[in-house]
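# Breakdown of the fold
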Amino acid sequence: MVEPSELSYSVGMSNTTYVAIREARGIIQDAQRIVVLTGAGMSAESGVPTFRDAQTGLWEKYSPEELATPEAMYNRPDLVWSWMLHQARVMRSVEPHDGHKVLGRWQRELVSNGGALDIVTQNIDDLHERGGSDVLAHLHGTTFTFRCFDCDAPSDYELDDPTDEQLQATPALDQLMLEDPPACPACSYGFIRPDIVMFGELLPQQAMDNALDAVRAADVAIVVGTSNIVQPAATLPLAASAAGAQVIEINPNQTPLSQDADLYISGTARNILPELHP
Ligand SMILES: [Zn+2]
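As the structure is a prediction and not an experimental result, all values here were calculated from the model.

Moving on: a positive patch on the surface. On the surface, Lys 101, Arg 105, Arg 108 and Arg 270 cluster together to form a positively charged patch. With respect to the helices, strands and loops of the structure, Arg 270 is situated in helix 11 (residues 269-276). Looking at Arg 270, the relative accessible area reads 36%, which means it is partly exposed.

Next comes the structure, spelled out in structure tokens:
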């Protein structure tokens, strides 16, 4: 049993937030199965720029919708591969925050007591993993595993840790050396691509099935840092609620979910998640 008096006001925490956190702790205290659904805000707090904010230098000329498509990769593999490498290096250069880390500890504790804390994320970075968590489902794939663009064979290609030079380079069209993607060793004519869901591609069915199983089995669903607009991820909190879970939303601003959630907490993942951990 968590006594509310243990709660300390963080700098800038409003009374409303303080009361909401107390209520959330009451909801969470007996939960054995928790599912945590995370979106772009979770990573943005670590410094991962949103797709659009990352379009600097050379990439200003393009929108993500022009680059992250199978058609673009087919037509300009050097351009799209170099852009994806740049994105991946930026993701690798930032560190998990306290919200990621507390989920790692919390997951280990619940699992060791026979419970579960399942993480379902729309993020393609590996911040949850580096924060110590196993991720049940990457709904939009992951930037750090690769497969063949043609034959789909998995690749053992590994991204090297980025150098400072690579990170600080603001690519300009005339000075950027575009790299071709490595060839696929399985079919020898295809080239490899990251396991991310590009615009116009379907979500990986297995990830979505695993996510639905997790939300239906959960006592509590915590929804963090997502706009709750992008489908089909936005259906998951509703599926959790329909199956009897209590839904807690954490986001700096209200979203279409906020009115339907059992509890809305205004704040960031980094500040709020550590307060919820029993
Ligand atoms: Zn191949």
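The next thing to look at is the packing of helix 6 (residues 98-112) against helix 11. Contact geometry of helix 6 with helix 11 gives a least axis separation of 7 Å together with a crossing angle of 25°. Compared by their axis directions, helix 6 and helix 11 come out roughly parallel. The handedness of the crossing between helix 6 and helix 11 comes out as left-handed. In contact with Asp 98, Gly 99, Val 102, Leu 103 and Trp 106 of helix 6, helix 11 contributes Ala 269, Arg 270, Leu 273, Pro 274 and Leu 276. When grouped by side-chain class, the residues that make up the contact of helix 6 with helix 11 number seven nonpolar, one polar and two charged.

With that out of the way, let us pick up the sheet that holds strand 4 (residues 141-148). Reading across from one edge, 5-4-6 is the order of the three strands in this open sheet, with antiparallel pairing throughout. Each having just a single partner strand, strand 5 (154-155) and strand 6 (192-196) make up the two edges of the open sheet. Here strand 4 runs beside strand 5; their pairing, made up of two bridges, is antiparallel. If you follow Arg 147 over to strand 5, its bridge partner there is Pro 154. Each of strand 4 and strand 6 touches helix 5 (residues 77-93); the most contacted strand, strand 4, lies at about 140° to it.

The subject of this paragraph is the coordination of the zinc ion. Within the first shell, the zinc ion binds the protein through Cys 148 (SG), Cys 151 (SG), Cys 184 (SG) and Cys 187 (SG), at distances of 2.3 to 2.4 Å. In this structure, the zinc ion is coordinated by four donor atoms arranged in tetrahedral fashion, with angles at the metal of 102 to 116°. Counting residues between consecutive donors of the zinc ion along the chain gives the motif C-x2-C-x32-C-x2-C. Residue Cys 151 is classed as partly exposed on the basis of its relative accessible area of 34%.

Between its first and last C-alpha atoms helix 6 spans 21 Å; for 15 residues at 1.5 Å apiece the expected length is 21 Å, and the two agree. Every buried residue of helix 6 is accounted for by Gly 99, His 100, Val 102, Leu 103, Gly 104, Trp 106, Gln 107 and Leu 110. Of the residues flanking the end of helix 6, it is Gly 114, one or two places downstream, whose phi is positive at about 85°.

How each quantity is defined
Residues numbered from 1 in each chain as written. Predicted model: local features only at pLDDT ≥ 70, side-chain atom pairs only at ≥ 80, totals over all residues. Heavy atoms only, no water. Patch = residues over 30% accessible without salt bridge, like charges linked within 9 Å, V, L, I, M, F, W, Y side chains within 5 Å. Areas by Shrake-Rupley, 256 points an atom, 1.4 Å probe, with all protein chains shown as cover. Salt bridge = Lys/Arg side-chain N within 4 Å of Asp/Glu carboxyl O. Lys, Arg positive; Asp, Glu negative; His and termini not counted. Charge placed at Lys NZ, Arg CZ, Asp CG, Glu CD. Helix = DSSP H or I, 4+ residues; strand = E, 2+ residues; numbered from the N terminus. Buried < 20%, exposed > 50% of the residue type's maximum accessible area, 1.4 Å probe, protein only. Axes fitted to C-alpha atoms, helices over the stretch in contact; angles between N-to-C directions. Parallel < 35°, antiparallel > 145°, perpendicular 65-115°, else oblique. Left-handed = near helix turned anticlockwise from the far one by under 90°. Contact = heavy atoms within 4.5 Å. Nonpolar A, V, L, I, M, F, W, Y, C, P; charged D, E, K, R; others polar. Pairing = 2+ DSSP bridges. Donors = N, O, S within 2.8 Å, 3.2 Å for Na, K, Ca; no water. Tetrahedral: all angles 85-135°; square planar, octahedral: opposite > 155°, others 65-115°. Expected span 1.5 Å × (residues − 1).

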